[in-house]
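This is what each chain is made of:
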Amino acid sequence: EVDGTRVWMFAQNDKFTDEFGPNKRIGFHCYISSPSHPLYYDSQKLNNPFNYGYGEPGLVPGLKKALNNAKKADLMLVHVPADQAYGNKGYLDYVKPNEDLFYRIFVMEVKDQPIEN
């Protein structure tokens, strides 16, 4: 548990050692649910995996914390409380104000992030 975000690890592959953190990128598929929309996003069905560089904007704070130290082939369930997600604003019609988020994540890759000039 990190600041209220809870992570359950269902599978890990110990042969992969690169962990997501500074100077790394992560690619992952996920299902995202909220209590009002049990499956509002499925990156695998849309063939649109997340590709995220450490420190880039775009992910809710709780999910960023949950992904720290994730490795290729990790399979996890993540519960992000509302205050670490969209808070009292919600998100479009998918996440009502003050709703928690649930993620099922499969990490496809963790790699070095290219240095930008």
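Attention in this report is confined to the structure presented alongside it. (Residues numbered from 1 in each chain as written. Predicted model: local features only at pLDDT ≥ 70, side-chain atom pairs only at ≥ 80, totals over all residues. Heavy atoms only, no water.)

Overview of the layout of surface pockets
Move 1: Considering only enclosed or pocket space, the largest pocket measures out at about 200 Å³ in volume.
Move 2: Where the lining of the largest pocket is concerned, the elements lending two or more residues are strand 2 (24–34) and strand 3 (37–42).
Move 3: The leading source of residues in the lining of the largest pocket is strand 2, at three residues.
Move 4: Counted by class, the lining of the largest pocket contains 13 nonpolar, one polar and no charged residues. (1 Å grid on protein atoms, 1.4 Å probe; cavity = no way out; pocket = protein on both sides within 12 Å on 5 of 7 lines; lining within 4 Å. Points joined across faces, edges and corners; volume = space filled by probe spheres on them. Helix = DSSP H or I, 4+ residues; strand = E, 2+ residues; numbered from the N terminus. Nonpolar A, V, L, I, M, F, W, Y, C, P; charged D, E, K, R; others polar.)

Concerning the nonpolar core
Move 1: The biggest cluster of nonpolar side chains holds 23 residues, and the ones touching the most others in it are I26, F28, L63, L67, L101, Y103 and I105.
Move 2: Looking at this core, the elements with two or more residues in it are strand 2, helix 1 (61–67), strand 5 (75–80) and strand 6 (101–112).
Move 3: A per-element tally of this core places strand 6 first, with five residues. (Core = buried A, V, L, I, M, F, W, Y, C linked by side-chain atoms within 4.5 Å. Buried < 20%, exposed > 50% of the residue type's maximum accessible area, 1.4 Å probe, protein only.)

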